Amino acid sequence: MQLYENQEIKVHNSLTGKKEIFTPINKGHIGMYVCGPTVYSNVHLGNCRTFMSFDMIFRYFKHLGYKVRYVRNITDAGHLVDDAEDGEDKIAKKARLEKLEPMEVVQRYTVDFHNILEKFNFLPPSIEPTATGHIIEQIEIIKDILNKGYAYETNGSVYFDVAKFNTDHEYGKLSGRKLEDMIANTRDLTAQDDKRNPQDFALWKKAEPQHIMRWPSPWGDGFPGWHLECTAMSTKYLGETFDIHGGGMDLKFPHHECEIAQAEASNGKSPVNYWLHTNMLTLNGRKMAKSTGNSILPGEIFSGENDILSKAFSPSMVRFFMMQAHYTSILDISNDALLASEKGFNKLMEAINSLKSLPVASSSNFNVAEWKSSCYTAMNDDFNTPILIAKLFDAVKHINLIKEGNETITKEDKEELEQTLYAFIFDVLGLENKSSSDADSEKLGGVVELLIQLRKEARENKDFATSDKIRDQLSALGIQLKDGKDGTTYSL
Ligand SMILES: [Zn+2]
(Lines give C-alpha, C1' and ligand atoms only; values in the text may rest on other atoms or scores of the structure.)
Protein backbone atom coordinates (compact mmCIF):
# COMPACT_ATOMS: atom_id res chain seq x y z
CA MET A 1 0.00 0.00 0.00
CA GLN A 2 1.29 3.44 -0.94
CA LEU A 3 1.19 6.45 1.35
CA TYR A 4 -1.08 8.39 -1.01
CA GLU A 5 -3.91 5.98 -0.37
CA ASN A 6 -4.33 7.48 3.11
CA GLN A 7 -3.93 11.11 2.12
CA GLU A 8 -6.41 13.54 0.66
CA ILE A 9 -4.68 16.41 -1.10
CA LYS A 10 -6.38 19.70 -1.84
CA VAL A 11 -4.97 22.09 -4.42
CA HIS A 12 -5.89 25.64 -5.36
CA ASN A 13 -7.13 25.31 -8.93
CA SER A 14 -6.77 28.60 -10.82
CA LEU A 15 -9.37 27.42 -13.32
CA THR A 16 -12.17 27.39 -10.73
CA GLY A 17 -10.57 29.75 -8.21
CA LYS A 18 -11.27 27.13 -5.54
CA LYS A 19 -9.40 24.67 -3.40
CA GLU A 20 -10.37 21.27 -4.70
CA ILE A 21 -9.71 17.67 -3.76
CA PHE A 22 -6.99 16.40 -6.09
CA THR A 23 -7.89 13.20 -7.92
CA PRO A 24 -5.50 12.04 -10.64
CA ILE A 25 -6.91 10.68 -13.91
CA ASN A 26 -5.11 7.36 -13.44
CA LYS A 27 -4.87 6.05 -9.89
CA GLY A 28 -1.32 6.19 -8.62
CA HIS A 29 -0.06 8.18 -11.63
CA ILE A 30 0.31 11.91 -12.09
CA GLY A 31 1.07 13.89 -15.23
CA MET A 32 2.42 17.38 -14.57
CA TYR A 33 3.56 20.02 -17.06
CA VAL A 34 5.36 23.22 -16.08
CA CYS A 35 6.34 25.99 -18.50
CA GLY A 36 10.12 26.15 -18.44
CA PRO A 37 12.51 29.03 -19.06
CA THR A 38 13.17 30.93 -22.26
CA VAL A 39 16.92 30.43 -22.43
CA TYR A 40 18.20 33.81 -23.62
CA SER A 41 19.64 35.09 -20.30
CA ASN A 42 20.67 33.87 -16.84
CA VAL A 43 17.77 32.34 -14.95
CA HIS A 44 15.87 34.84 -12.76
CA LEU A 45 15.51 34.26 -9.07
CA GLY A 46 11.75 34.67 -9.48
CA ASN A 47 11.71 31.86 -12.03
CA CYS A 48 13.79 29.75 -9.65
CA ARG A 49 11.07 30.23 -7.06
CA THR A 50 8.41 28.99 -9.50
CA PHE A 51 10.42 25.93 -10.51
CA MET A 52 11.34 25.26 -6.88
CA SER A 53 7.65 25.24 -5.91
CA PHE A 54 6.95 22.60 -8.54
CA ASP A 55 10.07 20.68 -7.56
CA MET A 56 8.66 20.53 -4.02
CA ILE A 57 5.26 19.42 -5.35
CA PHE A 58 6.98 16.78 -7.54
CA ARG A 59 8.96 15.61 -4.50
CA TYR A 60 5.88 15.40 -2.27
CA PHE A 61 3.96 13.34 -4.83
CA LYS A 62 6.93 11.00 -5.16
CA HIS A 63 7.21 10.77 -1.37
CA LEU A 64 3.56 9.67 -1.28
CA GLY A 65 4.36 6.89 -3.73
CA TYR A 66 2.86 8.36 -6.90
CA LYS A 67 4.48 7.63 -10.22
CA VAL A 68 4.90 11.14 -11.61
CA ARG A 69 5.71 12.10 -15.16
CA TYR A 70 6.95 15.66 -14.79
CA VAL A 71 7.52 17.56 -18.04
CA ARG A 72 9.26 20.93 -17.90
CA ASN A 73 10.16 22.39 -21.28
CA ILE A 74 12.95 24.60 -22.54
CA THR A 75 11.75 27.45 -24.77
CA ASP A 76 14.44 27.85 -27.40
CA ALA A 77 12.39 29.52 -30.16
CA GLY A 78 9.18 31.43 -30.75
CA HIS A 79 9.15 33.62 -27.63
CA LEU A 80 9.15 37.18 -28.92
CA VAL A 81 10.50 40.28 -27.18
CA ASP A 82 7.93 41.82 -24.75
CA ASP A 83 5.79 38.68 -25.21
CA ALA A 84 4.41 40.53 -28.23
CA GLU A 85 2.93 39.11 -31.40
CA ASP A 86 5.28 41.13 -33.54
CA GLY A 87 8.91 41.73 -32.90
CA GLU A 88 12.10 39.83 -32.60
CA ASP A 89 12.59 36.37 -31.16
CA LYS A 90 14.24 36.76 -27.72
CA ILE A 91 16.94 34.23 -28.57
CA ALA A 92 17.57 35.54 -32.07
CA LYS A 93 17.94 39.06 -30.64
CA LYS A 94 20.51 37.94 -28.08
CA ALA A 95 22.35 36.01 -30.81
CA ARG A 96 22.43 39.10 -33.03
CA LEU A 97 23.69 41.34 -30.20
CA GLU A 98 26.41 38.89 -29.14
CA LYS A 99 27.24 37.67 -32.66
CA LEU A 100 26.47 34.07 -31.80
CA GLU A 101 24.47 31.29 -33.37
CA PRO A 102 21.01 31.17 -31.72
CA MET A 103 21.81 27.63 -30.56
CA GLU A 104 24.97 28.91 -28.85
CA VAL A 105 22.78 31.27 -26.86
CA VAL A 106 20.40 28.40 -26.08
CA GLN A 107 23.24 26.12 -25.00
CA ARG A 108 24.91 28.74 -22.80
CA TYR A 109 21.79 29.62 -20.86
CA THR A 110 20.46 26.07 -20.68
CA VAL A 111 23.73 25.10 -18.99
CA ASP A 112 23.42 28.10 -16.63
CA PHE A 113 19.84 27.12 -15.83
CA HIS A 114 20.82 23.53 -15.03
CA ASN A 115 23.81 24.65 -12.95
CA ILE A 116 21.70 26.91 -10.77
CA LEU A 117 18.96 24.32 -10.37
CA GLU A 118 21.52 21.71 -9.38
CA LYS A 119 22.90 24.03 -6.69
CA PHE A 120 19.35 24.42 -5.40
CA ASN A 121 19.12 20.60 -5.28
CA PHE A 122 16.32 20.26 -7.83
CA LEU A 123 15.30 16.82 -9.05
CA PRO A 124 15.52 16.65 -12.83
CA PRO A 125 12.11 16.50 -14.53
CA SER A 126 11.12 13.23 -16.21
CA ILE A 127 11.25 14.89 -19.64
CA GLU A 128 12.74 18.26 -20.61
CA PRO A 129 11.65 18.80 -24.22
CA THR A 130 12.57 21.77 -26.39
CA ALA A 131 10.37 23.84 -28.69
CA THR A 132 12.75 23.40 -31.64
CA GLY A 133 12.68 19.63 -31.13
CA HIS A 134 8.90 19.64 -31.68
CA ILE A 135 8.37 21.75 -34.81
CA ILE A 136 6.69 18.86 -36.64
CA GLU A 137 4.23 18.28 -33.80
CA GLN A 138 3.43 22.00 -33.75
CA ILE A 139 2.80 22.09 -37.50
CA GLU A 140 0.45 19.11 -37.15
CA ILE A 141 -1.59 20.89 -34.48
CA ILE A 142 -1.83 24.02 -36.66
CA LYS A 143 -3.13 21.91 -39.57
CA ASP A 144 -5.69 20.36 -37.24
CA ILE A 145 -6.89 23.74 -35.91
CA LEU A 146 -7.10 25.09 -39.50
CA ASN A 147 -9.14 22.05 -40.55
CA LYS A 148 -11.55 22.61 -37.69
CA GLY A 149 -12.04 26.22 -38.74
CA TYR A 150 -10.54 27.96 -35.69
CA ALA A 151 -7.58 29.47 -37.51
CA TYR A 152 -6.87 31.29 -40.76
CA GLU A 153 -3.85 31.88 -42.93
CA THR A 154 -2.73 35.34 -44.07
CA ASN A 155 0.49 36.07 -45.98
CA GLY A 156 2.34 32.99 -44.79
CA SER A 157 1.27 33.35 -41.15
CA VAL A 158 -1.46 31.40 -39.36
CA TYR A 159 -3.56 33.01 -36.64
CA PHE A 160 -5.91 31.57 -34.10
CA ASP A 161 -9.42 32.95 -34.57
CA VAL A 162 -10.39 33.90 -31.02
CA ALA A 163 -13.83 35.30 -31.93
CA LYS A 164 -14.78 32.12 -33.82
CA PHE A 165 -13.52 29.96 -30.94
CA ASN A 166 -15.52 32.01 -28.46
CA THR A 167 -18.79 31.29 -30.27
CA ASP A 168 -18.77 27.65 -29.13
CA HIS A 169 -16.09 27.69 -26.37
CA GLU A 170 -15.19 30.07 -23.58
CA TYR A 171 -12.07 32.11 -24.23
CA GLY A 172 -10.80 33.76 -21.03
CA LYS A 173 -12.09 31.21 -18.51
CA LEU A 174 -8.70 30.73 -16.81
CA SER A 175 -7.82 34.40 -16.42
CA GLY A 176 -11.42 35.46 -15.78
CA ARG A 177 -11.51 37.78 -18.78
CA LYS A 178 -14.41 38.30 -21.13
CA LEU A 179 -13.76 38.64 -24.83
CA GLU A 180 -16.14 41.63 -25.05
CA ASP A 181 -14.05 43.50 -22.45
CA MET A 182 -10.85 42.60 -24.24
CA ILE A 183 -12.26 43.93 -27.50
CA ALA A 184 -13.37 47.17 -25.81
CA ASN A 185 -9.91 47.67 -24.33
CA THR A 186 -7.73 47.10 -27.37
CA ARG A 187 -6.89 49.53 -30.07
CA ASP A 188 -7.81 48.89 -33.67
CA LEU A 189 -5.55 46.96 -35.99
CA THR A 190 -3.29 48.87 -38.29
CA ALA A 191 -3.89 48.49 -42.00
CA GLN A 192 -0.82 46.33 -42.58
CA ASP A 193 -1.68 43.89 -39.78
CA ASP A 194 -2.33 40.35 -40.96
CA LYS A 195 -4.70 39.57 -38.10
CA ARG A 196 -8.47 39.86 -38.41
CA ASN A 197 -8.85 40.86 -34.77
CA PRO A 198 -6.37 42.18 -32.20
CA GLN A 199 -7.18 39.28 -29.83
CA ASP A 200 -6.09 36.67 -32.39
CA PHE A 201 -2.70 35.17 -31.75
CA ALA A 202 -0.07 33.61 -33.99
CA LEU A 203 0.19 29.86 -34.37
CA TRP A 204 2.76 30.24 -37.13
CA LYS A 205 4.67 33.36 -38.11
CA LYS A 206 6.15 33.97 -41.52
CA ALA A 207 9.91 34.50 -41.23
CA GLU A 208 11.14 37.74 -42.73
CA PRO A 209 14.36 37.33 -44.78
CA GLN A 210 16.57 38.51 -41.87
CA HIS A 211 14.97 36.08 -39.40
CA ILE A 212 17.53 33.33 -38.78
CA MET A 213 15.40 30.88 -36.78
CA ARG A 214 13.14 29.44 -39.49
CA TRP A 215 11.61 26.15 -40.54
CA PRO A 216 9.74 25.06 -43.67
CA SER A 217 5.99 24.56 -43.33
CA PRO A 218 2.92 24.20 -45.57
CA TRP A 219 2.58 28.02 -45.27
CA GLY A 220 6.18 28.82 -46.17
CA ASP A 221 9.29 29.38 -44.05
CA GLY A 222 8.50 30.54 -40.58
CA PHE A 223 8.49 29.72 -36.90
CA PRO A 224 5.84 28.62 -34.38
CA GLY A 225 4.01 30.98 -32.04
CA TRP A 226 5.19 30.78 -28.44
CA HIS A 227 1.94 29.40 -26.96
CA LEU A 228 1.85 26.47 -29.33
CA GLU A 229 4.97 24.64 -28.12
CA CYS A 230 3.47 23.92 -24.70
CA THR A 231 0.31 22.49 -26.24
CA ALA A 232 2.40 20.30 -28.57
CA MET A 233 4.75 19.00 -25.87
CA SER A 234 2.19 18.53 -23.10
CA THR A 235 -0.16 16.65 -25.44
CA LYS A 236 2.65 14.49 -26.80
CA TYR A 237 4.00 13.39 -23.42
CA LEU A 238 0.99 13.63 -21.10
CA GLY A 239 -2.04 13.12 -23.36
CA GLU A 240 -4.96 15.30 -24.44
CA THR A 241 -6.09 15.78 -20.86
CA PHE A 242 -3.63 15.59 -17.99
CA ASP A 243 -3.60 16.29 -14.27
CA ILE A 244 -1.56 19.39 -13.47
CA HIS A 245 -0.27 22.36 -15.43
CA GLY A 246 1.87 24.84 -13.57
CA GLY A 247 3.71 28.07 -14.11
CA GLY A 248 4.18 31.59 -12.80
CA MET A 249 0.96 33.59 -12.47
CA ASP A 250 2.24 36.04 -15.10
CA LEU A 251 1.75 33.23 -17.64
CA LYS A 252 -1.99 32.86 -16.93
CA PHE A 253 -2.81 35.34 -19.66
CA PRO A 254 -2.29 35.15 -22.53
CA HIS A 255 0.03 32.10 -22.51
CA HIS A 256 -2.04 29.56 -20.59
CA GLU A 257 -5.34 30.91 -21.87
CA CYS A 258 -4.06 30.34 -25.41
CA GLU A 259 -2.87 26.83 -24.52
CA ILE A 260 -6.42 25.97 -23.41
CA ALA A 261 -7.90 27.45 -26.59
CA GLN A 262 -5.44 25.61 -28.86
CA ALA A 263 -6.06 22.26 -27.20
CA GLU A 264 -9.83 22.63 -27.15
CA ALA A 265 -9.91 23.80 -30.77
CA SER A 266 -7.74 20.90 -31.86
CA ASN A 267 -9.23 17.96 -29.96
CA GLY A 268 -12.33 19.31 -28.26
CA LYS A 269 -11.03 18.44 -24.80
CA SER A 270 -10.11 20.60 -21.86
CA PRO A 271 -6.36 19.93 -21.59
CA VAL A 272 -5.79 20.31 -17.86
CA ASN A 273 -7.73 19.33 -14.74
CA TYR A 274 -5.80 21.44 -12.22
CA TRP A 275 -4.02 24.70 -13.06
CA LEU A 276 -1.51 25.76 -10.39
CA HIS A 277 0.11 29.19 -10.40
CA THR A 278 2.95 30.52 -8.28
CA ASN A 279 3.19 34.09 -7.04
CA MET A 280 5.89 36.72 -7.47
CA LEU A 281 9.21 37.20 -5.75
CA THR A 282 10.01 40.83 -4.93
CA LEU A 283 13.31 42.33 -3.80
CA ASN A 284 13.29 44.85 -0.94
CA GLY A 285 9.57 45.35 -1.44
CA ARG A 286 9.78 46.15 -5.13
CA LYS A 287 9.39 44.25 -8.35
CA MET A 288 12.70 42.91 -9.62
CA ALA A 289 13.93 44.56 -12.81
CA LYS A 290 17.36 44.80 -14.31
CA SER A 291 16.55 48.25 -15.70
CA THR A 292 16.04 49.75 -12.20
CA GLY A 293 18.99 47.91 -10.64
CA ASN A 294 16.58 46.20 -8.25
CA SER A 295 17.59 42.69 -9.18
CA ILE A 296 19.81 39.89 -8.00
CA LEU A 297 20.98 36.67 -9.65
CA PRO A 298 20.99 33.36 -7.79
CA GLY A 299 24.76 33.11 -8.22
CA GLU A 300 25.21 36.51 -6.55
CA ILE A 301 23.38 35.27 -3.46
CA PHE A 302 25.59 32.18 -3.27
CA SER A 303 28.77 34.29 -3.55
CA GLY A 304 27.51 37.37 -1.67
CA GLU A 305 28.65 39.53 -4.58
CA ASN A 306 25.82 42.04 -4.65
CA ASP A 307 25.57 45.32 -2.70
CA ILE A 308 22.12 44.33 -1.50
CA LEU A 309 23.65 41.57 0.67
CA SER A 310 25.89 41.71 3.73
CA LYS A 311 27.13 38.14 3.18
CA ALA A 312 26.82 35.00 1.07
CA PHE A 313 23.96 32.54 1.61
CA SER A 314 24.06 28.85 0.73
CA PRO A 315 21.66 27.56 -1.94
CA SER A 316 20.01 25.26 0.60
CA MET A 317 19.43 28.19 2.95
CA VAL A 318 17.86 30.19 0.12
CA ARG A 319 15.69 27.19 -0.65
CA PHE A 320 14.61 27.05 2.99
CA PHE A 321 13.84 30.78 2.86
CA MET A 322 11.63 30.30 -0.20
CA MET A 323 9.86 27.32 1.35
CA GLN A 324 8.90 29.49 4.34
CA ALA A 325 6.32 31.21 2.14
CA HIS A 326 3.34 29.51 0.50
CA TYR A 327 3.79 29.26 -3.26
CA THR A 328 0.63 31.32 -3.89
CA SER A 329 1.83 34.24 -1.71
CA ILE A 330 4.11 37.08 -2.74
CA LEU A 331 7.53 36.57 -1.18
CA ASP A 332 9.87 39.48 -0.52
CA ILE A 333 13.58 38.80 -0.42
CA SER A 334 15.92 41.11 1.49
CA ASN A 335 19.17 40.88 3.40
CA ASP A 336 17.33 41.04 6.75
CA ALA A 337 14.83 38.38 5.74
CA LEU A 338 17.65 36.06 4.60
CA LEU A 339 19.61 36.64 7.83
CA ALA A 340 16.53 35.84 9.93
CA SER A 341 15.82 32.77 7.86
CA GLU A 342 19.41 31.58 8.20
CA LYS A 343 19.07 31.49 12.00
CA GLY A 344 16.08 29.20 11.63
CA PHE A 345 17.82 27.03 9.06
CA ASN A 346 20.87 26.56 11.30
CA LYS A 347 18.65 25.75 14.27
CA LEU A 348 16.85 23.10 12.23
CA MET A 349 20.11 21.52 11.04
CA GLU A 350 21.57 21.59 14.57
CA ALA A 351 18.54 19.66 15.78
CA ILE A 352 18.99 17.14 12.94
CA ASN A 353 22.66 16.73 13.82
CA SER A 354 21.86 16.08 17.48
CA LEU A 355 19.25 13.39 16.75
CA LYS A 356 21.73 10.51 16.78
CA SER A 357 22.89 11.27 20.32
CA LEU A 358 19.39 11.93 21.65
CA PRO A 359 18.83 9.79 24.80
CA VAL A 360 15.90 7.38 24.83
CA ALA A 361 13.67 6.47 27.77
CA SER A 362 10.79 4.16 28.60
CA SER A 363 8.13 6.77 27.89
CA SER A 364 7.54 9.78 25.61
CA ASN A 365 6.28 13.26 26.45
CA PHE A 366 6.16 14.04 22.76
CA ASN A 367 3.28 12.58 20.75
CA VAL A 368 5.23 11.79 17.59
CA ALA A 369 2.35 10.06 15.76
CA GLU A 370 0.10 13.09 16.17
CA TRP A 371 2.90 15.45 15.15
CA LYS A 372 3.68 13.36 12.07
CA SER A 373 0.07 13.41 11.00
CA SER A 374 0.03 17.22 11.33
CA CYS A 375 2.98 17.42 8.92
CA TYR A 376 0.96 15.52 6.30
CA THR A 377 -2.10 17.67 6.99
CA ALA A 378 -0.02 20.78 6.25
CA MET A 379 1.30 19.40 2.97
CA ASN A 380 -2.08 18.02 1.92
CA ASP A 381 -3.55 21.51 2.27
CA ASP A 382 -2.27 22.85 -1.06
CA PHE A 383 1.38 22.07 -0.20
CA ASN A 384 1.49 24.45 2.75
CA THR A 385 5.23 24.50 3.38
CA PRO A 386 5.18 27.42 5.88
CA ILE A 387 2.87 25.41 8.15
CA LEU A 388 5.00 22.31 7.61
CA ILE A 389 8.11 24.25 8.64
CA ALA A 390 6.30 25.51 11.76
CA LYS A 391 5.58 21.84 12.56
CA LEU A 392 9.24 20.98 12.03
CA PHE A 393 10.13 23.63 14.59
CA ASP A 394 7.67 22.07 17.05
CA ALA A 395 9.80 18.94 16.74
CA VAL A 396 12.99 21.01 17.20
CA LYS A 397 11.56 22.40 20.44
CA HIS A 398 10.92 18.86 21.74
CA ILE A 399 14.35 17.63 20.62
CA ASN A 400 15.96 20.45 22.60
CA LEU A 401 13.83 19.69 25.69
CA ILE A 402 14.83 16.02 25.47
CA LYS A 403 18.48 16.98 25.08
CA GLU A 404 18.27 19.11 28.21
CA GLY A 405 16.63 16.26 30.13
CA ASN A 406 13.31 18.08 30.51
CA GLU A 407 11.39 15.63 28.32
CA THR A 408 11.76 12.00 27.31
CA ILE A 409 11.23 9.93 24.17
CA THR A 410 11.03 6.16 23.56
CA LYS A 411 13.29 4.38 21.10
CA GLU A 412 10.38 3.71 18.71
CA ASP A 413 9.20 7.31 18.84
CA LYS A 414 12.72 8.55 18.26
CA GLU A 415 13.04 6.36 15.16
CA GLU A 416 9.72 7.57 13.83
CA LEU A 417 10.68 11.19 14.56
CA GLU A 418 13.99 10.79 12.79
CA GLN A 419 12.44 9.12 9.72
CA THR A 420 9.73 11.74 9.43
CA LEU A 421 12.11 14.67 9.83
CA TYR A 422 14.45 13.23 7.21
CA ALA A 423 11.56 12.62 4.82
CA PHE A 424 10.13 16.12 5.08
CA ILE A 425 13.37 18.10 5.36
CA PHE A 426 15.46 16.31 2.76
CA ASP A 427 13.06 14.40 0.47
CA VAL A 428 10.10 16.79 0.35
CA LEU A 429 11.55 20.26 1.00
CA GLY A 430 14.74 19.26 -0.81
CA LEU A 431 17.07 20.89 1.74
CA GLU A 432 20.63 19.76 2.25
CA ASN A 433 22.42 19.51 5.55
CA LYS A 434 25.23 21.84 4.75
CA SER A 435 25.38 25.54 5.33
CA SER A 436 28.47 26.25 3.29
CA SER A 437 28.07 28.86 0.59
CA ASP A 438 30.40 29.20 -2.38
CA ALA A 439 32.35 31.81 -0.43
CA ASP A 440 32.68 29.43 2.52
CA SER A 441 33.86 26.59 0.26
CA GLU A 442 36.46 28.93 -1.15
CA LYS A 443 37.71 29.70 2.37
CA LEU A 444 37.74 26.00 3.22
CA GLY A 445 39.74 25.31 0.06
CA GLY A 446 42.26 27.94 1.12
CA VAL A 447 42.60 26.40 4.58
CA VAL A 448 43.12 22.90 3.15
CA GLU A 449 45.76 24.21 0.73
CA LEU A 450 47.51 25.87 3.68
CA LEU A 451 47.54 22.58 5.62
CA ILE A 452 48.84 20.71 2.55
CA GLN A 453 51.69 23.25 2.38
CA LEU A 454 52.48 22.86 6.13
CA ARG A 455 52.45 19.07 5.75
CA LYS A 456 54.84 19.32 2.81
CA GLU A 457 57.21 21.44 4.90
CA ALA A 458 56.96 18.99 7.82
CA ARG A 459 57.88 16.11 5.50
CA GLU A 460 60.81 18.04 4.07
CA ASN A 461 61.99 18.50 7.68
CA LYS A 462 61.47 14.76 8.28
CA ASP A 463 58.82 15.63 10.89
CA PHE A 464 56.60 12.70 9.93
CA ALA A 465 54.64 12.82 13.19
CA THR A 466 53.28 16.24 12.23
CA SER A 467 52.68 15.36 8.57
CA ASP A 468 50.76 12.19 9.54
CA LYS A 469 48.77 14.08 12.11
CA ILE A 470 47.65 16.62 9.48
CA ARG A 471 46.67 13.85 7.05
CA ASP A 472 44.84 11.75 9.67
CA GLN A 473 42.95 14.61 11.24
CA LEU A 474 41.82 15.92 7.84
CA SER A 475 40.72 12.39 6.99
CA ALA A 476 38.70 12.24 10.21
CA LEU A 477 36.91 15.39 9.01
CA GLY A 478 36.12 13.73 5.69
CA ILE A 479 38.87 15.47 3.71
CA GLN A 480 41.08 12.94 1.91
CA LEU A 481 44.59 13.91 0.81
CA LYS A 482 46.08 12.17 -2.19
CA ASP A 483 49.80 12.36 -2.95
CA GLY A 484 50.68 12.28 -6.63
CA LYS A 485 53.72 13.08 -8.68
CA ASP A 486 52.40 16.62 -9.28
CA GLY A 487 51.89 17.26 -5.58
CA THR A 488 49.06 16.68 -3.17
CA THR A 489 45.39 17.03 -4.05
CA TYR A 490 42.35 16.66 -1.83
CA SER A 491 38.74 15.56 -2.04
CA LEU A 492 35.85 16.33 0.30
ZN1 LIG B 1 4.13 27.21 -21.59
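- The name an unreviewed UniProt entry assigns to the protein chain is Cysteine--tRNA ligase, from the organism Maribacter sedimenticola.
- UniProt lists a comment for the protein chain under the heading Subcellular location (unreviewed entry), and it reads "Cytoplasm".

Regarding the overall build of the protein chain
Part 1 of the argument: Within the protein chain, the secondary structure is distributed over 16 helices and 15 strands.
Part 2 of the argument: The 492 residues of the protein chain split such that 49% are buried.
Part 3 of the argument: For the protein chain, the share of sequence-separated contacts (at least 6 apart) that also reach a separation of at least 24 residues comes to 72%.
Part 4 of the argument: Surface summary for the protein chain: the accessible area is close to 23100 Å², and the carbon and sulfur share equals 49%.

Topic: the coordination of the zinc ion
Part 1 of the argument: Within the protein, the atoms that donate to the zinc ion are Cys35 (SG), Cys230 (SG) and His255 (NE2), at distances of 2.0 to 2.1 Å.
Part 2 of the argument: When the donors of the zinc ion are listed by position in the chain, the intervening gaps give C-x194-C-x24-H. Residue Cys230 is located in helix H7 (residues 226-238), and its partner His255 is located in helix H8 (residues 252-267); the two are separated by 25 residues in the primary sequence. Of the two residues, Cys230 and His255, both sit in the buried class.

Quick notes on the layout of surface pockets
Part 1 of the argument: Of the volumes computed, that of the largest pocket is approximately 1500 Å³.
Part 2 of the argument: What lines the largest pocket is a set of 48 residues, among which Tyr40, His44, Asn47, Lys90 and Asp250 lie closest to the centre.
Part 3 of the argument: For the lining of the largest pocket, the secondary structure elements donating two or more residues are helix H1 (45-63), helix H2 (90-98), helix H3 (102-119), H7 and strand S9 (242-248).
Part 4 of the argument: With 5 residues, the top contributor of residues to the lining of the largest pocket is H1.
Part 5 of the argument: When the residues that make up the lining of the largest pocket are grouped by side-chain class, the tally is 21 nonpolar, 18 polar and 9 charged.

Here's the deal with the pairing of strand S4 (residues 67-72)
Part 1 of the argument: Here strand S3 (residues 29-34) pairs with S4 via 6 bridges, running parallel. Among the inter-strand pairings, Met32 is bridged to a residue of S4, identified as Tyr70.
Part 2 of the argument: Taken together, S3, H1 and S4 constitute a β-α-β crossover, and its handedness is right-handed.

A look at empty space enclosed by the protein
Part 1 of the argument: Counting across every chain of the model gives 4 cavities of 30 Å³ or more.
Part 2 of the argument: The wall of the second largest cavity is formed by Arg49, Met52, Ser53, Met56, Met322, Met323, Ala325, His326, Tyr327 and Thr385.
Part 3 of the argument: Of all the elements in the fold, those that place two or more residues in the lining of the second largest cavity are H1 and helix H10 (315-323).
Part 4 of the argument: In terms of residue count, the dominant contributor to the lining of the second largest cavity is H1 (4 residues).
Part 5 of the argument: Taken together, the residues of the lining of the second largest cavity break down into 6 nonpolar, 3 polar and 1 charged.

Considering the pattern of salt bridges
Part 1 of the argument: The final tally for this structure, using the stated rule, is 23 salt bridges.
Part 2 of the argument: A salt bridge links Glu342 to Lys311; its shortest N-O distance comes to 2.9 Å. Placement of Glu342 in helix H11 (residues 335-354) and of Lys311 in the loop between helix H9 (298-303) and H10 is noted, with a sequence separation of 31 residues between them.
Part 3 of the argument: Judged by its relative accessible area of 14%, Glu342 is buried.
Part 4 of the argument: With a closest N to O distance of 3.9 Å, Lys456 and Glu460 form a salt bridge. Of the two residues, Lys456 and Glu460 both sit in helix H15 (residues 438-460), 4 residues apart, roughly one turn of that helix.
Part 5 of the argument: Taking the relative accessible area as the measure of exposure, Lys456 reaches 46% and is therefore partly exposed.
Part 6 of the argument: Residue class for Glu460 comes out exposed when judged on its relative accessible area of 53%.
Part 7 of the argument: Several salt bridges share partner residues, and in doing so they unite Asp55, Arg59 and Arg319 into one network.

Some remarks on the sheet that holds S3
Part 1 of the argument: Pairing in this open sheet of 4 strands is parallel, and the strands run S4-S3-S9-S10 from one edge to the other. The open sheet has two edge strands with one neighbour each: S4 and strand S10 (272-278). The mean inter-strand angle of the sheet, taken between neighbouring strand axes irrespective of direction, is 20 degrees.
Part 2 of the argument: Its contacts with the sheet put H1 on S3, S4, S9 and S10, and the angle it makes with S4 is roughly 165 degrees.

Section: helix H12 (residues 368-380)
Given 3.6 residues to a turn, an α-helix orients residues that are three or four positions apart in the same direction.
Part 1 of the argument: Over its 13 residues, H12 runs 18 Å from end to end, which matches the ideal 18 Å to within 8%, given 1.5 Å per residue.
Part 2 of the argument: Considered for burial, the residues of H12 that qualify are Val368, Trp371, Ser374, Cys375, Tyr376, Ala378, Met379 and Asn380.
Part 3 of the argument: Residues of H12 that are buried in the fold lie against strand S1 (10-13), H1, helix H13 (385-403) and helix H14 (411-428).
Part 4 of the argument: Capping the start of H12 is the job of one residue whose side-chain oxygen sits 3.4 Å from the backbone nitrogen of Ala369: Asn367.

So, how was this worked out
- Residues numbered from 1 in each chain as written.
- Predicted model: local features only at pLDDT ≥ 70, side-chain atom pairs only at ≥ 80, totals over all residues.
- Heavy atoms only, no water.
- UniProt positions renumbered as here; feature names shortened; annotations may be inferred.
- Helix = DSSP H or I, 4+ residues; strand = E, 2+ residues; numbered from the N terminus.
- Buried < 20%, exposed > 50% of the residue type's maximum accessible area, 1.4 Å probe, protein only.
- Contact = heavy atoms within 4.5 Å.
- Areas by Shrake-Rupley, 256 points an atom, 1.4 Å probe, with all protein chains shown as cover.
- Donors = N, O, S within 2.8 Å, 3.2 Å for Na, K, Ca; no water.
- 1 Å grid on protein atoms, 1.4 Å probe; cavity = no way out; pocket = protein on both sides within 12 Å on 5 of 7 lines; lining within 4 Å.
- Points joined across faces, edges and corners; volume = space filled by probe spheres on them.
- Nonpolar A, V, L, I, M, F, W, Y, C, P; charged D, E, K, R; others polar.
- Pairing = 2+ DSSP bridges.
- Right-handed = clockwise from strand over helix to strand, strands pointing away.
- Salt bridge = Lys/Arg side-chain N within 4 Å of Asp/Glu carboxyl O.
- Axes fitted to C-alpha atoms, helices over the stretch in contact; angles between N-to-C directions.
- Expected span 1.5 Å × (residues − 1).
- Polar contact = N/O pair within 3.5 Å; in protein donor to acceptor, adjacent residues only side chain to side chain.

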